[in-house]
Amino acid sequence: MPGLIGKKIGMTSVFGADGKNIPCTVIEAGPCVVTQLRTVEKDGYAAVQLAYDEAKETRTTAPLMGHFKKAGTTPKKKLVEFAADFDGELKLGDTISVTDVVKDGTKFVDVVGTSKGKGFQGVVHRYHFQGVGGATHGQHNRLRKPGSLGASSYPSRVFPGMRMGGRMGNDRVKVFNLEIVKVIPENNLLVIKGSVPGARGSYLSLEF
C-alpha cells in the first residue's frame, strides 16, 4: 500500500539516541478500509480508495451508504484515493493498519494536509512586506500599507497576480520526507519528526 489516512493528534517531543530533544507530531494512522478499487481496464487508471473514521448513518447520504454497503463496511467520514497497482492483492472491505504499510525499512513519509486558516490578512503578514517608508519620513498611519500598485497613466489597471491583502491559509500543503521516529502499533500511532500542516484533529494523507 502506498499510503494511509490519519488524524493529527498533537505534538510532543522525544529524546533521540544522542540525547537531543526532537520535536515530533503524533498521528493516528488508520485503520483504514478499502472501499473501492480502480483499474486501468475500467477506470483508465489504477488506484485504491481508502476510508477512515466512523461516521453516523444519519449524517451520511444515501449514495454513500450504498457505496459503503457494497464494500461491506460502516459509514466513514474521510475518503482518499491513492494511486497504486494492487495486482489483486486487495479486495473490498480489507482493513489496512499502520503495521501493514510501515515496514522495517520505511524511514520517511510524505504528509498532505490542510493548513490552518488565517482569514483576511494584509501584505505584511501574508507576503512579509517590510512596509512603506519609515516613521521619520513623513508617514502617519501607512506603515503597513503595500505602497504603489502600478502606474496611474498607463496601463491604468492593476496587473493580475499583484501581491495584495486577501485570504490566507486553509490551503492544501504537502510536506516531503518527514522522518518516522516511532511506531506504536497497538494504538495505530505514528510519531514523526517535525510539524505537519493542519490543526489538532484534522485529517492527513500519509504517502510512503
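Residues numbered from 1 in each chain as written. Predicted model: local features only at pLDDT ≥ 70, side-chain atom pairs only at ≥ 80, totals over all residues. Heavy atoms only, no water.

## Topic: the packing of aromatic side chains
Remark: the centre distance and the inter-plane angle together describe each pair of aromatic rings, the angle taken between the planes.
Here is step 1 of the chain: The tally for this structure, following the rule as stated, stands at 2 aromatic pairs.
Here is step 2 of the chain: Judged by centre distance (6.1 Å) and plane angle (90°), the ring pair of Tyr-52 and Tyr-203 falls under edge-to-face. On the criterion of sequence distance, the pair formed by Tyr-52 in strand β4 (residues 47–54) and Tyr-203 in strand β12 (residues 203–207) is long-range, its members being 151 residues apart.
Here is step 3 of the chain: The exposure class assigned to Tyr-52 is buried, which follows from its relative accessible area of 3%.
Here is step 4 of the chain: Directly above the aromatic system of Tyr-127 lies the positively charged group of Arg-163, at a separation of 6.0 Å from the ring centroid. (Phe/Tyr/Trp six-rings, centres within 6.5 Å; stacked < 30°, edge-to-face > 60°. Helix = DSSP H or I, 4+ residues; strand = E, 2+ residues; numbered from the N terminus. Buried < 20%, exposed > 50% of the residue type's maximum accessible area, 1.4 Å probe, protein only. Lys NZ or Arg CZ within 6 Å of the ring centre and 35° of its normal.)

## Digging into the sheet that holds strand β2 (residues 21–29)
Here is step 1 of the chain: Read around the closed barrel, the 6 strands follow the order β1-β2-β11-β10-β7-β12; overall the barrel is antiparallel. Adjacent strand axes in the sheet meet at a mean angle of 50°, parallel and antiparallel pairs treated alike.
Here is step 2 of the chain: Across 9 bridges, strand β1 (residues 3–15) lies against β2 in antiparallel orientation. Bridging across to β2, Val-14 finds its partner in Ile-22. (Pairing = 2+ DSSP bridges. Axes fitted to C-alpha atoms, helices over the stretch in contact; angles between N-to-C directions.)

## Regarding the environment of Lys-77
Here is step 1 of the chain: Within the fold, Lys-77 resides in strand β5 (residues 76–83).
Here is step 2 of the chain: Distance in space between the C-alpha atoms of Lys-77 and Tyr-203 is 9.8 Å, their sequence separation being 126 residues.
Here is step 3 of the chain: With residues near it in sequence (within four places) discarded, Lys-77 still touches Tyr-52, Asp-53, Glu-54, Ala-55 and Tyr-203. (Contact = heavy atoms within 4.5 Å.)

## A short note on the pattern of salt bridges
Here is step 1 of the chain: The full count for this structure, using the stated rule, is 7 salt bridges.
Here is step 2 of the chain: Two residues, Lys-7 and Asp-53, come together in a salt bridge whose shortest N-O distance is 3.2 Å. Note that Lys-7 is positioned in strand β1 and Asp-53 in strand β4, a separation of 46 residues in sequence.
Here is step 3 of the chain: Between Asp-171 and Arg-167 there is a salt bridge; the shortest N-O distance is 3.8 Å.
Here is step 4 of the chain: Relative accessible area serves as the criterion here: at 51%, Arg-167 is assigned to the exposed category. (Salt bridge = Lys/Arg side-chain N within 4 Å of Asp/Glu carboxyl O.)

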